[in-house]
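Descriptive analysis of the structure
Now for the letters of each chain:
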Amino acid sequence: MSSTSPSSSEIDRLQVALRRLLGAKGLSVNPPPRAGMSVELAVDGEVIGTIHRDDDEGEVSYAINIILLEEDLPAEK
C-alpha cells in the first residue's frame, strides 16, 4: 500500500465527482500548498479537510478527512 499525491488531472476529476456527489457547487479540491502536504478540500474558500490518495496493488482510492471544530457547531438548544 502506498500513498501519493493526486496529479493535477486527478484533482480536477475529484472536484467534479465530489461536487456532483455532495451537491456542493462551492466545493473545491486544491493542490497541496507545498510539496509533501495533503490535497485540501474547501467549501466557499474555507478549508474543511484533506484528501489522501492510496494506491494498493494498482487499485486507487481516496480518503477524505473532514475537520469540524466544536466552535463551528450551532448553539445547543
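Attention here is on the structure that accompanies the text. These numbers come from a predicted model, not from an experiment. (Residues numbered from 1 in each chain as written. Predicted model: local features only at pLDDT ≥ 70, side-chain atom pairs only at ≥ 80, totals over all residues. Heavy atoms only, no water.)

Once that is clear, we can look at the overall build of the chain. Tallying secondary structure elements over the chain gives one helix and five strands in all. Traced from its N-terminal end to its C-terminal end, the chain shows the element sequence β-α-β-β-β-β. Principal-axis analysis of the C-alpha atoms gives the chain an extent of 50 × 25 × 25 Å. Sorting the 77 residues of the chain into buried and exposed places 22% on the buried side. Relative to all contacts within the chain whose residues are 6 or more apart in sequence, the contacts with residues 24 or more apart total 26%. (Helix = DSSP H or I, 4+ residues; strand = E, 2+ residues; numbered from the N terminus. Buried < 20%, exposed > 50% of the residue type's maximum accessible area, 1.4 Å probe, protein only. Contact = heavy atoms within 4.5 Å.)

A few words now on the environment of Arg19. Relative to the helices and strands, Arg19 resides in helix H1 (residues 8-22). Note on Arg19: relative accessible area 33%, which makes it partly exposed. Arg19 sits ten residues away from Val29 along the chain, and the two C-alpha atoms are 9.6 Å apart. Ignoring sequence-local partners within four residues, the contact set of Arg19 consists of Ala24, Lys25 and Leu27.

So, about unusual backbone geometry. A positive phi angle is found at Asp44, which is not glycine, with a value near 50°. Tracing the backbone shows Asp44 in the loop between strand S3 (39-43) and strand S4 (46-56).

It is worth spelling out the pairing of strand S5 (residues 59-66) at this point. Sheet analysis places S4 next to S5, joined by eight bridges and oriented antiparallel. From the neighbouring strand, Arg53 faces S5, where its bridge partner is Tyr62. Once S4 ends, the chain turns through two residues before running back antiparallel as S5, passing Glu57 with a positive phi of about 55°. (Pairing = 2+ DSSP bridges.)

The next point concerns the pattern of salt bridges. Across all of its chains, the model carries one salt bridge by this definition. Between Arg53 and Glu10 there is a salt bridge, with the nearest N and O atoms lying 2.8 Å from each other. On the criterion of sequence distance, the pair formed by Arg53 in strand S4 and Glu10 in helix H1 is long-range, its members being 43 residues apart. Glu10 matches Arg53 in its accessibility class, with the two residues each being buried. (Salt bridge = Lys/Arg side-chain N within 4 Å of Asp/Glu carboxyl O.)

Just distances and angles here, no functional claims.
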